[in-house]
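The lines below spell out each chain.
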Amino acid sequence: MDISLTVDSGDDVGDLESLVDWLSGESALVGRVRLSAAAPAPGEMGGLAETALVAVSSGGALTALAASLKAWLAQPHRSDVRVRIRTEGGTSIDVDAKHVDAKRLERLLRETLSALYKE
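Note that the structure is predicted; figures quoted are calculated from it, not measured. Just so you know, the residues in each chain are numbered from 1, in the order the chain's sequence is written. With the structure being a predicted model, the display of local features is reserved for residues of pLDDT at least 70 and the display and counting of side-chain atom pairs for 80 or more, all residues being used for whole-chain, interface and lining totals. Excluded from the side-chain calculations are hydrogens and water; all other atoms, namely the structure's heavy atoms, are used.

### Comments concerning the environment of M1
Item 1. Topologically, M1 is positioned in the segment before strand 1 (2-8).
Item 2. Each residue's exposure class comes from its accessible area (1.4 Å probe, protein chains only) as a fraction of the maximum for that residue type: buried when under 20%, exposed when over 50%, partly exposed otherwise. For M1, a relative accessible area of 24% corresponds to the partly exposed category.
Item 3. The spatial distance from the C-alpha of M1 to the C-alpha of G89 is 9.9 Å, given a sequence separation of 88 residues. Secondary structure elements follow DSSP: runs of H or I of four or more residues count as helices, runs of E of two or more count as strands, with numbering from the N terminus.

### Description of the nonpolar core
Item 1. Counting residues in hydrophobic clusters, the biggest one holds 27 residues, and the most contacted among them are L5, L65, V83 and I85.
Item 2. Elements represented by at least two residues in this core include exactly strand 1, helix 1 (12-24), strand 3 (49-55), helix 2 (59-74), strand 4 (82-87), strand 5 (92-96) and helix 3 (102-118).
Item 3. Of all the elements, helix 2 adds the most residues to this core, at eight residues.
Item 4. Here, two residues are considered to be in contact whenever any of their heavy atoms come within 4.5 Å of each other. Not counting residues up to four positions away in its chain, the partners in contact with L5 are L16, L19, L23, E50, T51, A52, V54, L65, L69, V83, R84 and I85. Definition of nonpolar core: a set of buried residues of the types Ala, Val, Leu, Ile, Met, Phe, Trp, Tyr and Cys, connected through side-chain atoms within 4.5 Å.

### Quick notes on the pairing of strand 4
Item 1. Along strand 4, the buried face is formed by V83, I85 and T87; none of R82, R84 and R86, which line the opposite face, is buried.
Item 2. Relative to strand 4, strand 1 runs antiparallel, the two sharing six bridges. Bridging across to strand 4, I3 finds its partner in T87.
Item 3. Pairing between two strands is assigned when DSSP locates at least 2 bridges connecting them. Strand direction decides the pairing type here: strand 4 and strand 5, joined by five bridges, are antiparallel. Opposite I85, over in strand 5, you have I93 as the bridge partner.
Item 4. Hairpin connection from strand 4 to strand 5: four residues lie between these consecutive antiparallel strands, with G90 at a positive phi of about 95 degrees.

As C-alpha cells, this is what we get:
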C-alpha cells in the first residue's frame, strides 16, 4: 500500500524533494519512496513532482516513516511547513512542523491505515 505525502510551504517543490531525500536515507524505507507528478495538461511538456509516495507494507516501515517525518519536520525550514498524509483510500491527516510528536504521528498513521482496511 502507498501513502502519499504532499507539502504545503513557501517552497512546496523544494521541500517535497528535501522530504523525499530525507525519507530515502532511512534504512527501513530504502527503495520505498518515490516522487509522483501530475499528468501534464495538453501542450505541456510535463509537470513538477507534487507528491511523494511511500510504500508501507509492515509495521516497521510505518514506525520508520513516523519517526523520520517527525525528524524532518523538526529541521529548520524557511517557512511554515505542513505535510498532508493520505492513504490510497483517501483518508488523510495533516501534520505541521510546529505541533509534531512522533508517538502521536505514529498513532495517527496507524489509525488512518486501520480506517482504510475497514473501508
